[in-house]
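Okay, here's what each chain looks like letter by letter:
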Amino acid sequence: MIEDNYRQRGLRNNLVKKLRLKGILDEEVLAAIGKVPRHAFFDDALLSHAYEDKAFPIGEGQTISQPYTVAFQTEKLRIRPSDKVLEIGTGSGYQAAILVEMGAKVYTIEFQKKLYERTKEFLPSLGYKPYFFFGDGSKGILSKAPFDKIIVTAGAPVIPTALIEQLAEGGIMIIPVGDREKQMMLKITKRNGKITQEEFDNFAFVPLLGEQGWGGK
Ligand code: SAM
């Protein structure tokens, strides 16, 4: 069992206060961030940074997203318990844990085998059990579609058509789209088969690889 002591809970409460000041309003999102032990996702040497509002390296050249970014994307999804959610880019599993904590049924896909294996082993040990998939998430997971919500946690050059197709009627997708350095956060909503798009601030994600991303692996 991971140790979650008084000090860590205090640091987590401060992080929640910080996110509130930065404009996160959804109480369910804030409650989930207040519950998931982010320090459990860090190596011992980096533990002191676990509750800073910063992204951090998690190995394999990848990062655990900044808490503000996690909160921002999650808030825009308007998660309801039992929503079926697809996450592209499992990474450390922190974002998936937040979604599971909020009662969603989560399907998460990762393109890097080592990360997939590591997180698939680790996350259930914290009590968070999304469905783990290995592969190119830019194509979605056709066999499990449609999804009420889709969250892309890597920067895409365009909105992958496969993801639009796999979004349920009334569904919401949140996805950063732009160049390799910086992306604009887009919220896509599907109503009566039609897509509407809302644009938000710029963020900086690692690139979405794969067929409908930047290519490569
Ligand atoms: N959501 C993660 C978390 O909570 O730690 C952070 C994700 S990290 C910023 C982006 C992740 O997307 C990396 O782990 C990367 O390997 C993965 N990725 C990139 N392209 C992908 C693709 N086509 N399919 C699935 N995962 C991909």
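About the thresholds
- Residues numbered from 1 in each chain as written.
- Predicted model: local features only at pLDDT ≥ 70, side-chain atom pairs only at ≥ 80, totals over all residues.
- Heavy atoms only, no water.
- Near = heavy atom within 4 Å.
- Polar contact = N/O pair within 3.5 Å; in protein donor to acceptor, adjacent residues only side chain to side chain.
- Areas by Shrake-Rupley, 256 points an atom, 1.4 Å probe, with all protein chains shown as cover.
- 1 Å grid on protein atoms, 1.4 Å probe; cavity = no way out; pocket = protein on both sides within 12 Å on 5 of 7 lines; lining within 4 Å.
- Sits in = over half its atoms within 2 Å of the grid points.
- Helix = DSSP H or I, 4+ residues; strand = E, 2+ residues; numbered from the N terminus.
- Points joined across faces, edges and corners; volume = space filled by probe spheres on them.
- Nonpolar A, V, L, I, M, F, W, Y, C, P; charged D, E, K, R; others polar.

Caption draft 1: Summary view of the site of the ligand. The environment of the ligand is made up of 28 residues, and the closest members are Glu 87, Ser 92, Glu 110, Gly 137 and Leu 209. Take Gly 89: an N or O atom from its main chain is 2.9 Å from a nitrogen atom of the ligand. At 2.7 Å from a nitrogen atom of the ligand is found a main-chain nitrogen or oxygen belonging to Leu 209. Here the ligand, which alone exposes 600 Å², has 99% of that area covered by the protein. With respect to the detected pockets, the ligand is housed in the largest pocket. Where the shell around the ligand is concerned, the elements lending two or more residues are β2 (62-64), β3 (84-88), α4 (94-101) and β4 (105-110).

Caption draft 2: Focus on the layout of surface pockets. When its volume is computed, the largest pocket comes out at roughly 570 Å³. Gln 62, Gly 89, Thr 153, Ala 154 and Val 206 are the residues nearest the centre of the largest pocket, which is lined by 36 residues in total. Put simply, the parts of the chain that give the lining of the largest pocket at least two residues each are β2, α3 (67-77), β3, α4, β4 and α5 (113-122). A per-element tally of the lining of the largest pocket places β2 first, with three residues. Split into classes, the residues belonging to the lining of the largest pocket amount to 16 nonpolar, 15 polar and five charged. For the second largest pocket, the lining is made up of 14 residues, of which Phe 41, Phe 42, Asp 43, Ile 58 and Arg 118 are closest to its centre. Mapped onto the lining of the second largest pocket, the elements with two or more residues apiece are β1 (56-59) and α5. It is β1 that provides the largest number of residues to the lining of the second largest pocket, a total of four residues. Across the lining of the second largest pocket, the residue classes break down as nine nonpolar, three polar and two charged.

It is worth stressing that arrangement in space is one thing and function is another; only the former is reported here.
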